[in-house]
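Okay, here's what each chain looks like letter by letter:
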Amino acid sequence: MTEPIEADVVVRPAVPGDRPVVDRLWLMFRHDLSEFRGLLPRSDGSFRSERVEDAFSSPDWAAYLFVLGEHPVGFAFVRALGAPVRVLNSFFVARGARRAGIGLAAVREVLTRHPGRWEIAFQYENPGAVAFWRRVAAEVAGDAWTEEPRPVPALPELPPDVWISFGTAP
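Let me sum up the structure you'll find in this document. (Residues numbered from 1 in each chain as written. Predicted model: local features only at pLDDT ≥ 70, side-chain atom pairs only at ≥ 80, totals over all residues. Heavy atoms only, no water.)

**Some remarks on the overall build of the protein chain**
Along the protein chain, the regular secondary structure elements total 4 helices and 7 strands. Reading the protein chain from its N end, one meets helices and strands in the order β-α-α-β-β-β-α-β-α-β-β. Relative to its 170 residues, the protein chain shows a buried fraction of 44%. As presented, the protein chain carries roughly 9000 Å² of accessible surface, and 57% of it is formed by carbon and sulfur atoms. (Helix = DSSP H or I, 4+ residues; strand = E, 2+ residues; numbered from the N terminus. Buried < 20%, exposed > 50% of the residue type's maximum accessible area, 1.4 Å probe, protein only. Areas by Shrake-Rupley, 256 points an atom, 1.4 Å probe, with all protein chains shown as cover.)

Right under this line is the structure:
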């Protein structure tokens, strides 16, 4: 594959027919995260996937698929669509599409579709995520963003997640 450029990525709502593709991308996403939290797959090789189910079935969620030509390269799940603050619940770009502006273009598109207040969580142990999300916040909100660690609900043994908060223009 040639070097992708951000202008080539298409961000579109994921439809029920995309579910098998998103399920496979989800496994890659959870596998990537397992490095930082020591989470292992279940006995059947899967990872917990209730977020995928919510993204496709809850009216307060939206699922997006990122496509580069014929290649699915990532996804995003947004929750709390009806709340004053939206949450970018899950965001993933396949390794082969990283560092080419794909992630930044995709997140800009998702944020544009839902203007207003946003919160996004990541882990300090994941240096790529730390740099990426700080860059996103600075590019989208200038100096008007905050960052704070928060305990992971129901998992006190894990290090806290880091949450950035900012707003986007309507």
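Back to the text.
**Notes on the side chain of histidine 114**
With respect to the helices, strands and loops of the structure, histidine 114 is situated in the loop between helix H3 (102-113) and strand S5 (116-122). Classification of histidine 114 by relative accessible area gives buried; the value is 14%. With sequence-adjacent residues up to four places away left out, histidine 114 is seen in contact with Ala62, Tyr64, Val78, Leu81, Arg86 and Thr168. (Contact = heavy atoms within 4.5 Å.)

**Re the sheet that holds strand S1 (residues 9-13)**
Strand order in this open sheet of 7 strands is S1-S2-S3-S4-S5-S7-S6, and the pairing throughout is mixed. Each edge of the open sheet carries a strand with a single partner, namely S1 and strand S6 (145-150). When strand polarity is set aside, the average angle formed by the axes of neighbouring strands in this sheet is 25°. By the bridge criterion, 7 bridges tie S5 to strand S7 (residues 161-168) in an arrangement that is antiparallel. For tryptophan 118, the partnering residue across the bridge sits in S7 and is phenylalanine 166. (Pairing = 2+ DSSP bridges. Axes fitted to C-alpha atoms, helices over the stretch in contact; angles between N-to-C directions.)

**Side note on the packing of aromatic side chains**
Within this structure, the stated rule accounts for 8 aromatic pairs. Both rings, one in phenylalanine 75 and one in phenylalanine 92, keep their centres 5.8 Å apart while their planes meet at 35°; by these two values the pair is tilted. With a gap of 17 residues between them, phenylalanine 75 in strand S3 (residues 71-79) and phenylalanine 92 in strand S4 (residues 85-93) connect regions that are remote in the sequence. With a centroid separation of 5.2 Å and 75° between ring planes, the pair formed by phenylalanine 91 and tryptophan 133 is classed as edge-to-face. With phenylalanine 91 in strand S4 and tryptophan 133 in helix H4 (residues 127-141), the pair connects residues that are 42 residues apart, well separated along the chain. Pair check on accessibility: phenylalanine 91 and tryptophan 133 agree, each one buried. Through pairs of rings, three or more aromatic residues link up here, namely Trp26, Phe75, Phe77 and Phe92. (Phe/Tyr/Trp six-rings, centres within 6.5 Å; stacked < 30°, edge-to-face > 60°.)

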